Amino acid sequence: MTSATLKIGVVCYPTFGGSGVVATELCKGMAQRGHEIHLLSYAPPARLSAFDKRIHLHEVEVSSYPLFKYPPYDLALASRLAEVAEEAALDLVHVHYAIPHTVAALLVKEILGRDLPVVTTLHGTDITVVGQDPSYKRVMRWALRNSDAVTCVSAYLEERTRELFGLDNAMHVIPNFVDTERFRPGADPAIRGCFAKGGERVLMHVSNFRPVKRAPLVVDAFARVLESVPATLVMVGDGPERAACERRAQDLRVKDRVRFVGAQADVQNLLPAADLFLLPSEFESFGLAALEAMACGVVPVVTDAGGLPEVIRDGEDGVLIPESRMDDMGSVAASLLADDPRRERMAAAAREAAVGRFGRDGVVAQYEAVYRGVLAP
Ligand code: GMT
């Protein structure tokens, strides 16, 4: 069964959040290995840009009814997944982000009454934030115990999962990955020129602006940088804290130096235009956006928290700032910008790390091994 083509059902969120990005990139990687993918989501995933004959998209529609204050997405997903599993004769289902995807997939297994292995990939907030909510915790524990395999995107997340859910099942740590052909150094002069008209430095932040990202701290750090280095800050993405960032930029009188470009599907074209990437998150189970920056040869300056130290080696291919010194993010960034040879050395090491440790093919192969494992008699 090692070389047989697999029919894989994949469930994910379609948004720009990391779990949707990883799921979509993994679909592309699996399709390239010849597998047939059936991707279910409530909208086309943001990163699914080009047509691929091996990737079949199935949108999940949730109908509303006057009685439903909360339309049951999980049931609509389970119904659609059951149809697809039957019609396409799926071999297994891989869900990204446990809530509510794992429960829907386990329900389908019951509905079909046949062995349909369920692989759950935990991404972070499904364990550390949402999963801790008493409204979901017991169901989450059951879902994780009943998955045929559970994978975590970092050793940190595996440890947190064990600790928070008291699990003793085997879990696989499989890091996130980046397509280093698409994400590569070399800024488009037109894009760089549009951010740095007068040759100033470019700092960038990419996120969904959720509170855990602490995006307003990026603006604080940038204001500090401006005290000694002419620069532009590019804020990519959108979400609940974007307005707070805009206000902060106004209050600190740096608004004319900050560009809010909103959510972008082709971040691989923007990232190479940056000199530094700032991510002051409270924690990250992995920090995919930082890895994508590294692949583009952009030095990440991030919080020393969660799984980030598994991605970035402090002082070698990026900078990890301890929580107690977050106020120093601006001065750390300014000193890197003032020392080009050091920054360039780190940028080259960052690219090398992305290619060597987090390249797509090696990681996709690890997921395939998990699939083969759950299918083994
Ligand atoms: O918080 C986000 O950025 C979204 C979230 C998701 O699941 O969509 O991201 C989590 O998963 C990413 C992909 O595995 C990781 O790179 C992020 O670190 C993780 N976010 C957090 O842990 C806060």
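Quick caveat: nothing in here was measured; it's all calculated off a predicted structure.

Here is what the cut-offs are and how they apply
- Residues numbered from 1 in each chain as written.
- Predicted model: local features only at pLDDT ≥ 70, side-chain atom pairs only at ≥ 80, totals over all residues.
- Heavy atoms only, no water.
- Axes fitted to C-alpha atoms, helices over the stretch in contact; angles between N-to-C directions.
- Helix = DSSP H or I, 4+ residues; strand = E, 2+ residues; numbered from the N terminus.
- Parallel < 35°, antiparallel > 145°, perpendicular 65-115°, else oblique.
- Left-handed = near helix turned anticlockwise from the far one by under 90°.
- Contact = heavy atoms within 4.5 Å.
- Near = heavy atom within 4 Å.
- Polar contact = N/O pair within 3.5 Å; in protein donor to acceptor, adjacent residues only side chain to side chain.
- Areas by Shrake-Rupley, 256 points an atom, 1.4 Å probe, with all protein chains shown as cover.
- Nonpolar A, V, L, I, M, F, W, Y, C, P; charged D, E, K, R; others polar.
- Pairing = 2+ DSSP bridges.
- Buried < 20%, exposed > 50% of the residue type's maximum accessible area, 1.4 Å probe, protein only.
- Right-handed = clockwise from strand over helix to strand, strands pointing away.
- Domains from an automatic or database assignment.
- Buried area = accessible area lost by both parts, 1.4 Å probe.
- Salt bridge = Lys/Arg side-chain N within 4 Å of Asp/Glu carboxyl O.
- Arc of directions from axis to C-beta.
- Phe/Tyr/Trp six-rings, centres within 6.5 Å; stacked < 30°, edge-to-face > 60°.
- Lys NZ or Arg CZ within 6 Å of the ring centre and 35° of its normal.

Student: An account of the packing of helix 8 (residues 216–226) against helix 13 (residues 329–337) is needed here, citing residue identities and associated values.
Tutor: Between helix 8 and helix 13, the shortest axis-to-axis distance is 7 Å and the interhelical angle comes to 45 degrees. Judged on the interaxial angle alone, helix 13 and helix 8 are oblique. Read as a crossing pair, helix 8 and helix 13 show a hand that is right-handed. For the pair formed by helix 8 and helix 13, the contact residues are Ala221, Arg224 and Val225 on the first element and Met329, Gly330, Ser331, Ala333, Ala334 and Leu337 on the second.

Student: Any details on the site of the ligand? Residues and values, ideally.
Tutor: Close to the ligand lie 19 residues; His123, Asn176, Lys213, Glu284 and Ser285 are nearest. Contact between the ligand and Ser285: an oxygen atom at 2.9 Å from a main-chain N or O atom of the residue. Phe286 places a polar main-chain atom, nitrogen or oxygen, 3.1 Å from an oxygen atom of the ligand. Computed on the free molecule, the ligand has an accessible area of 480 Å², of which 96% lies beneath the protein chains in the complex. In terms of residue count, the dominant contributor to the shell around the ligand is helix 1 (residues 18–32) (three residues). Residues of the shell around the ligand, tallied by class, amount to six nonpolar, 10 polar and three charged.

Student: Go over the sheet that holds strand 9 (residues 231–236) with me, naming the residues and quoting the values.
Tutor: Read across the open sheet, the six strands follow the order 10-9-8-11-12-13; overall the sheet is parallel. Each of the sheet's edge strands pairs with one partner strand only, and the pair in question is strand 10 (258–262) and strand 13 (319–321). Shown here is a sheet whose adjacent strand axes are inclined to one another by a mean of 20 degrees, direction ignored. Note: strand 9 against strand 10, four bridges, orientation parallel. Each bridged residue has a counterpart across the sheet, and for Leu233 the counterpart in strand 10 is Val258. In this fold helix 13 packs onto strand 8 (201–206), strand 11 (276–279), strand 12 (299–303) and strand 13, with an angle of close to 170 degrees to the strand it touches most, strand 11.

Student: So, the pairing of strand 6 (residues 149–152): which residues are in play, and what are the values?
Tutor: The side chains of a regular strand alternate, residue by residue, between the two faces of the sheet. Judged by which residues are buried, strand 6 turns out to be covered on both faces: Ala149 and Thr151 on one side and Val150 and Cys152 on the other are all buried. By the bridge criterion, four bridges tie strand 5 (residues 118–122) to strand 6 in an arrangement that is parallel. Across the sheet, Val119 pairs through a bridge with Ala149, a residue of strand 6. Inspection of the sheet shows strand 6 paired to strand 7 (residues 171–173) by three bridges, in the parallel sense. Each bridged residue has a counterpart across the sheet, and for Thr151 the counterpart in strand 7 is His172. Taken together, strand 6, helix 6 (residues 155–165) and strand 7 constitute a β-α-β crossover, and its handedness is right-handed.

Student: Describe the domain arrangement of the protein, with residues and values.
Tutor: The domain architecture assigned to the protein consists of domain 1 (7–177 + 359–375) and domain 2 (189–357). One C-alpha centre belongs to domain 1, the other to domain 2, and the line joining them spans 30 Å. It is Phe16, Arg47 and Tyr156 in domain 1 that bury the most area against domain 2; as a group they hold 35% of the surface buried on that side. Summed over the shared surface of domain 1 and domain 2, the number is one salt bridge. Note that Arg47 and Glu292 form a salt bridge whose closest N and O atoms lie 3.0 Å from each other. The interface formed by domain 1 and domain 2 holds six residue pairs in polar contact (both at pLDDT 80 or more) in total.

Student: Describe the sheet that holds strand 3 (residues 55–59), and please don't skip the residues or the numbers.
Tutor: Paired through their backbone hydrogen bonds, the strands of a sheet run either parallel or antiparallel. Taken in spatial order, the seven strands of this open sheet run 3-2-1-4-5-6-7, and their pairing is parallel. Pairing within the sheet leaves two strands with one partner each, and these edge strands are strand 3 and strand 7. Here the average twist between neighbouring strands, direction ignored, is 20 degrees. The strands touched by helix 3 (residues 98–112) are strand 1 (7–11), strand 4 (92–96) and strand 5; relative to strand 5, the strand with the most contacts, the crossing angle is about 175 degrees.

Student: Could you give an account of the environment of Glu158, naming the residues involved and the relevant values?
Tutor: Mapped onto the fold, Glu158 is located in helix 6. We classify Glu158 as buried; its relative accessible area is 18%. Between the C-alpha atom of Glu158 and that of Ser285, which follows or precedes it by 127 residues, the distance is 9.4 Å.

Student: I'd love a proper account of the environment of Cys27, names of residues and values included.
Tutor: If you trace the backbone, Cys27 turns up in helix 1. Note on Cys27: relative accessible area 1%, which makes it buried. Here the alpha-carbon distance between Cys27 and Gly287, two residues 260 residues apart in the chain, equals 20 Å. Setting aside its immediate chain neighbours within four residues, Cys27 contacts Val10, Ile37, Leu39 and Ile55.

Student: Any chance you could break down helix 6 for me, citing the residues and the numbers?
Tutor: Taken residue by residue, helix 6 has Leu157, Glu158, Thr161, Leu164 and Phe165 as its buried positions. Buried residues of helix 6, seen end-on, are gathered within an arc of 145 degrees and therefore sit on one face of the element. Every exposed residue of helix 6 that faces more than 90 degrees away from the buried side is listed here: Glu159 and Glu163. The inward-facing, buried residues of helix 6 abut strand 5, helix 4 (125–128), helix 5 (137–146), strand 6 and strand 7. Of the residues one or two after helix 6, Gly166 is the one with positive phi, at around 55 degrees.

Student: Can you tell me about the packing of aromatic side chains, naming the residues and giving the values?
Tutor: Scanning the model with the defined rule gives five aromatic pairs in all. On the basis of an interplanar angle of 80 degrees and a centroid distance of 5.6 Å, the ring pair of Tyr13 and Tyr97 is categorised as edge-to-face. Here the residue Tyr13 occupies a position in the loop between strand 1 and helix 1, and Tyr97 occupies one in the loop between strand 4 and helix 3, the gap between them amounting to 84 residues. The class of Tyr97 is buried, set by a relative accessible area of 11%. Aromatic side chains Tyr42 and Tyr73 sit 5.8 Å apart centroid to centroid with 85 degrees between the ring planes, which places their arrangement in the edge-to-face category. With Tyr42 in the loop between strand 2 (36–41) and strand 3 and Tyr73 in helix 2 (residues 73–88), this residue pair connects regions lying 31 residues apart in the sequence. Put simply, the rings of Tyr13, Tyr42, Tyr73 and Tyr97 touch in pairs and so form one group of aromatic residues. In this structure, Lys137 packs its charged tip against the face of Phe165, placed 5.5 Å from the ring centre.

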